[in-house]
Amino acid sequence: MTNSTKTICPYCGVGCGLEVLPPAQPGKAVNRDSEGNPIWQVRGDRSHPSSKGKICIKGGTVSESLVKDRLKYPMMRDSLTDEFRRVSWDEAMEAIVNRMQKVRLTQGPDALCMYGSGQFQTEDYYIAQKLFKGFLGSNNFDANSRLCMSSAVAGYIQSFGSDGPPCCYEDLELTDCAFLIGTNTAECHPIVFNRLRLYHKKNRKVKMVVVDPRRTQTAEAADLHLAIKPGTDIDLFNGIAYLLMRWGRIDSLFIDECTQNFPAYAEVIRHYSPELVARKCGIRIQDLEKAAKYWGESQRVLSLWSMGLNQSSEGTAKVRTLINLHLMTGDIGKPGAGPFSLTGQPNAMGGREAGGLCNILPGYRLVNNPQHRAEVEQFWGVRPGTIQPQRGRTAWEMIQGLETGEVGFLWIAATNPAVSMPDLKRTQAALKRSPFTVYQDAYYPTETATYAHILLPAAQWSEKTGVMTNSERVVNLCPQFRDPPGEARADWEIFAEVGRRLGFEKQFSFPNSAQVYAEFVKITEGRPCDSSGLSYEKLRRYGPLQWPYADTWPCLEGEELDRQNRTNKRLYTDFCFNTPDGRARFGAYHSRGLAEPSDQAYPFVLTTGRLYGHWHTQTRTGRIPKINKKHPEPFIEIHPRDAAKLNIKENSLLEVRSRRGKAYFPAKITKEIAPGTLFVPMHWGALWAENAEANALTHPTACPSSLQPELKTCAVQISIARVNEVRNQRSEVVFETRI
Ligand SMILES: Nc1nc2c(c(=O)[nH]1)N[C@H]1C(S)=C(S)[C@@H](COP(=O)(O)OP(=O)(O)OC[C@H]3O[C@@H](n4cnc5c(=O)[nH]c(N)nc54)[C@H](O)[C@@H]3O)O[C@H]1N2
Ligand SMILES: Nc1nc2c(c(=O)[nH]1)N[C@H]1C(S)=C(S)[C@@H](COP(=O)(O)OP(=O)(O)OC[C@H]3O[C@@H](n4cnc5c(=O)[nH]c(N)nc54)[C@H](O)[C@@H]3O)O[C@H]1N2
Ligand code: SF4
Ligand SMILES: [Mo]
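Residues numbered from 1 in each chain as written. Chains lettered and ligands numbered in written order. Predicted model: local features only at pLDDT ≥ 70, side-chain atom pairs only at ≥ 80, totals over all residues. Heavy atoms only, no water.

A. Here's a closer look at the sheet that holds strand E21 (residues 545-546). Read across the open sheet, the three strands follow the order E19-E20-E21; overall the sheet is antiparallel. Every other strand in the sheet has two partners, leaving strand E19 (466-469) and E21 as the edge strands with one partner each. Sheet analysis places E19 next to strand E20 (residues 474-478), joined by four bridges and oriented antiparallel. Considered in E20, the bridge of Val-467 is made with Leu-477. (Pairing = 2+ DSSP bridges. Helix = DSSP H or I, 4+ residues; strand = E, 2+ residues; numbered from the N terminus.)

B. Spatial organisation of the confidence of the model for the protein. Per-residue pLDDT for the protein averages 95, and the proportion of residues at 70 or more is 95%. Taken together, the stretch residues 728-739 has pLDDT below 50 and engages in 37 contacts with residues farther than four places along the chain or on a different chain. (pLDDT = per-residue confidence, 0-100. Contact = heavy atoms within 4.5 Å.)

C. Quick look at the nonpolar core. Within the largest apolar cluster, 120 residues are counted, with the highest numbers of intra-cluster contacts made by Met-100, Leu-236 and Trp-411. Per-element accounting of this core gives the leading share, eight residues, to helix H3 (residues 122-136). The residue makeup of this core includes at least three contributed by each of domain 2 (75-148 + 347-558) and domain 3 (152-342). The residues touching Trp-411, leaving out its near neighbours within four places in the chain, are Ile-96, Met-100, Cys-113, Met-114, Tyr-115, Val-438, Gln-440, Leu-456, Ile-494, Phe-495 and Val-498. In terms of nonpolar packing, the next biggest core, distinct from the first, is built from 39 residues, Cys-9, Trp-40, Leu-172 and Met-468 among them. (Core = buried A, V, L, I, M, F, W, Y, C linked by side-chain atoms within 4.5 Å. Buried < 20%, exposed > 50% of the residue type's maximum accessible area, 1.4 Å probe, protein only. Domains from an automatic or database assignment.)

D. How the structure looks around empty space enclosed by the protein. By the definition in use, this model includes four cavities of 30 Å³ or more. Here the largest cavity is characterised by a volume of approximately 660 Å³. Around the largest cavity, the lining is made up of 37 residues, and of these Gln-119, Asn-144, Gln-345, Ala-414 and His-616 lie nearest the centre. Contributions of two or more residues to the lining of the largest cavity are made by strand E17 (437-441) and strand E23 (604-609). Here the lining of the largest cavity is built from residues that sort into 15 nonpolar, 16 polar and six charged. A domain-level breakdown of the lining of the largest cavity finds at least three residues from each of domain 2 (75-148 + 347-558) and domain 4 (604-727). If you add up the space inside the second largest cavity, you get close to 550 Å³. Taken together, 39 residues line the second largest cavity, and the ones lying closest to its centre are Gly-182, Met-307, Gly-308, Thr-608 and Lys-712. At the level of elements, helix H5 (185-188), helix H13 (307-310) and E23 are the ones that each hand at least two residues to the lining of the second largest cavity. For the lining of the second largest cavity, the element with the most residues is E23, which contributes three residues. (1 Å grid on protein atoms, 1.4 Å probe; cavity = no way out; pocket = protein on both sides within 12 Å on 5 of 7 lines; lining within 4 Å. Points joined across faces, edges and corners; volume = space filled by probe spheres on them. Nonpolar A, V, L, I, M, F, W, Y, C, P; charged D, E, K, R; others polar.)

E. Focus on the pattern of salt bridges. Scanning the model with the defined rule gives 38 salt bridges in all. Look at the salt bridges and you will find they share partners, linking Asp-90, Arg-489, Glu-493, Glu-497 and Arg-501 into a network. (Salt bridge = Lys/Arg side-chain N within 4 Å of Asp/Glu carboxyl O.)

F. Spotlight on the site of ligand 2. What surrounds ligand 2 is a group of 32 residues, the closest being Asn-144, Ser-420, Asp-441, Thr-617 and Asn-695. Between ligand 2 and Gln-311 there is a distance of 3.0 Å, counted from a nitrogen atom to a side-chain nitrogen or oxygen. One of the backbone N or O atoms of Ala-414 is found 3.2 Å from an oxygen atom in ligand 2. Within the complex, the protein chains bury 99% of what would otherwise be the 920 Å² of accessible surface of ligand 2. Cavity membership is defined here by more than half of the atoms lying within 2 Å of grid points; on that basis ligand 2 lies in the largest cavity. Take the shell around ligand 2: its biggest share by element is three residues, from E17. Taken together, the residues that form the shell around ligand 2 break down as 12 nonpolar, 15 polar and five charged. (Near = heavy atom within 4 Å. Polar contact = N/O pair within 3.5 Å; in protein donor to acceptor, adjacent residues only side chain to side chain. Areas by Shrake-Rupley, 256 points an atom, 1.4 Å probe, with all protein chains shown as cover. Sits in = over half its atoms within 2 Å of the grid points.)

G. Summary view of the sheet that holds strand E10 (residues 224-226). Across the sheet, five strands lie side by side as E10-E9-E8-E12-E13; this open sheet has parallel pairing. For this open sheet the edge positions go to E10 and strand E13 (338-341), each flanked by a neighbour on one side alone. For this sheet the average axis-to-axis angle between neighbouring strands, irrespective of direction, equals 15°. Note: strand E8 (residues 177-181) against strand E9 (residues 207-211), five bridges, orientation parallel. Bridged to Phe-179 within E9 is Val-209. Its contacts with the sheet put helix H6 (residues 190-202) on E8, E9 and strand E12 (301-305), and the angle it makes with E9 is roughly 135°. Running at roughly 170° to E12, helix H14 (residues 315-329) makes contact with E8, E12 and E13 of the sheet. (Axes fitted to C-alpha atoms, helices over the stretch in contact; angles between N-to-C directions.)

H. Highlighting helix H21 (residues 513-523). Among all positions of H21, only Ser-513, Val-516, Tyr-517, Glu-519, Phe-520, Val-521 and Ile-523 are buried. The N-terminus of H21 is capped by Asn-512, whose side-chain oxygen sits 3.3 Å from the backbone nitrogen of Ala-514.

I. Region of interest: the site of ligand 1. Neighbouring ligand 1 are 33 residues, the closest being Asp-212, Gly-231, Asp-233, Arg-610 and His-614. Surface burial for ligand 1 is 99%, taken as the share of its 910 Å² of free accessible area covered by protein chains. At a threshold of 2 Å from the grid points, most atoms of ligand 1 map onto the second largest cavity. Secondary-structure elements contributing two or more residues to the shell around ligand 1 are H5 and H13.

J. Up close: the domain arrangement of the protein. Examined at the domain level, the protein breaks down into domain 1 (5-65), domain 2 (75-148 + 347-558), domain 3 (152-342) and domain 4 (604-727). One C-alpha centre belongs to domain 2, the other to domain 3, and the line joining them spans 34 Å. Listed by partner, the interface residues are 13 residues for domain 2 and 17 residues for domain 3. Around 1,100 Å² of area is buried between domain 2 and domain 3 when both sides are counted, 54% of it from carbon and sulfur atoms. Taken together, the links from domain 2 to domain 3 amount to one salt bridge. (Buried area = accessible area lost by both parts, 1.4 Å probe.)

K. Geometry of the pairing of strand E18 (residues 454-457). Burial along E18 is two-sided: the residues Ile-454 and Leu-456 and Leu-455 and Pro-457 are all buried. Sheet analysis places strand E4 (residues 75-76) next to E18, joined by two bridges and oriented antiparallel. For Met-76, the partnering residue across the bridge sits in E18 and is Ile-454. Where E17 meets E18, four bridges bridge the pair, whose relative direction is parallel.

L. Structural context of the packing of aromatic side chains. Under the criterion given, the structure shown has 29 aromatic pairs. Relative to Phe-520, the ring of Tyr-517 lies with its centre 5.8 Å away and its plane at 40°, an arrangement referred to as tilted. Remark: Phe-520 and Tyr-517 occur in helix H21; sequence separation between them is three residues, near one turn of the helix. For Tyr-517, a relative accessible area of 2% corresponds to the buried category. On the basis of an interplanar angle of 35° and a centroid distance of 4.8 Å, the ring pair of Tyr-572 and Phe-577 is categorised as tilted. The class of Tyr-572 is buried, set by a relative accessible area of 7%. Site record: aromatic cluster; members linked through ring pairs are Phe-120, Tyr-125, Phe-141, Phe-409, Trp-411, Phe-436 and Phe-495. The side chain of Arg-86 reaches across the aromatic face of Tyr-73, ending 3.5 Å from its centre. Directly above the ring of Phe-679 sits Arg-214, whose terminal nitrogen or CZ lies 3.5 Å from the centroid. (Phe/Tyr/Trp six-rings, centres within 6.5 Å; stacked < 30°, edge-to-face > 60°. Lys NZ or Arg CZ within 6 Å of the ring centre and 35° of its normal.)

Here it is as structure tokens:
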């Protein structure tokens, strides 16, 4: 084979290994997309430890998305009603730096905000933290992980003393019982799911339980599907705990030696009798007992979760009540067992390591910890007290800051909030009021570009070299193998140039991304996510490596790999946690339920989520014919009984209203959804369909601890739309505005 490059897939957090080959191969016709552009060939990398050569439709088609509709040059305009004009990088940078300085002077550093993304590479994240938190004195850096993983982060920190998923993918093939909760793994983490399903099929004793209000493809494969009512996860977990306690199926030694706060937890559990729990969750008592029996009788229980838990106004409590079950039965720190959050985006994990949320600092440190701030200040060589002691604005608080005028400068990069934020009409109105918005993306048009004063063209995966960490803490080097289009530049380079132009010449001069990474790993030294032994050179030589990976580890090929395989696959194998006394904490929580339950006026609970082929707001997958063919149109799932009551037929266009807005979707009548519940995919923003935005309906009420909004559910009413009221089809106007 010629010139193949090993990298990982830039879509989901599974982080599958890819091998890419140039479009032209000897003796073969040049590989081209549907428009005739030469495109790189992609296949699974068999040597990758996480995926062993397997990939899904998204990874397999990613190269088709890299050419079309790219933003190539910096663009600028004075007001949102003007046309964009092409400008030089110099002009764009000067405008940005002038504006930042002016806002800092007149409104203070708290008026500066950056909203980034789990689609950054670690180098991008790190330089953005250094710039904002270290040199501008503003903690207002938040990422779309706020909408995604922040409840998992808060749950891990509160239960274990630190962030960090304790498990690895090998556990999928070592467990006796897997609980999949609020995760449609089959569609959203397909290669993780394939590994588990294969093992489950081969081993009849192994149990798989799926907890999801919908009968998803994931649920289809389970031994037991608990179709709980949305928002009743805590009732379920506490109900399982009740039975395990009643049956004496708890690990008293582990509880005594390795945990704290069990008595308060046991006091809460007393209230969750099977009768009550079955009624609240809308499941049969026998099924609840079966789930508890599976958990109690298994030696090794693994739980996997994703947005069904995290995207909730009690997301942290949901995560912690699940972790409680692991603590109560000692199912952690050993092969095949533990609580395992499936990370959404390809490098949301790296973002957490680099401090990429408004409440954290690099190296799994916390903004509100004086010692952590002092350590980072010293490392960056800034005056003590430079890093603000309070957390910055969350993504939603940036929107609120635009409403009040407190935010004077907003920089959005690698995320499309004009589709993905809750309460979209409010979000869009706030973005419209923004005095100055910089939008740094790889594509044009996107919905958020509509609200930008300056567009900066980003080089994306394949066009820059950087590092990404997947769900199981495996760190991967993603080398550049194509040229960026036009004048596009890597995100970290853009941030570093702003740093230099602001006068921090020395601190932001890096000859290449390898040097950025070298600085980043040093700041993780001695921390739970210690990566100080990693470098580009090592990742090139040995391939993907898992953290923790300290600098003190001997550098012996083969032997070293073997050693690392034995020691760092799992966290907490010594049952010593990252709390001051080394003990994990039980969280004692009663359930509160949905922030916006259904009622007479809004009688349905709407849930939102994903489809197998599309990626979020479709900036990439919407441009791939094979994927569009698979999922051509938005839709709303409704149970046949509800449909019959309202005389709704298959494909009837429904008007769906919440307290905040409305949207239109053709009906898909299916028993996969429970009566009283509806489902719409999140993928169709204004560019891809008219009025089919899931987030026109959702609300921003967030978990008080993680500040993650409840994007999963809201209350709605439905009716059949009057004919011709709205067209609901792929929008044709989109590309008229193409640059
Ligand atoms: N194909 C595809 N894969 C992706 C992505 C994508 O866009 N497309 N995005 C990636 C990202 S960033 C993320 S975050 C992940 C998301 O991965 P998932 O979380 O698996 O995906 P979702 O479809 O958002 O939601 C999962 C399930 O939560 C259920 N749910 C809703 N409410 C509740 C509840 O109250 N309790 C429980 N237990 N379940 C509930 C929904 O019915 C849904 O089936 O996927 C990643 N992978
Ligand atoms: N209703 C509802 N809403 C949701 C969710 C839900 O389940 N339901 N899920 C939430 C979750 S979990 C997530 S993660 C968000 C995702 O929401 P978004 O972050 O808005 O989704 P994406 O479409 O992935 O946007 C990523 C953008 O980054 C650009 N990009 C890709 N690579 C690069 C790069 O290297 N540099 C730069 N600068 N740009 C790049 C892409 O072109 C794209 O425009 O949506 C959230 N919103
Ligand atoms: S499972 Fe995720 S990482 Fe793997 S190929 Fe599919 S989208 Fe990419
Ligand atoms: Mo996500």
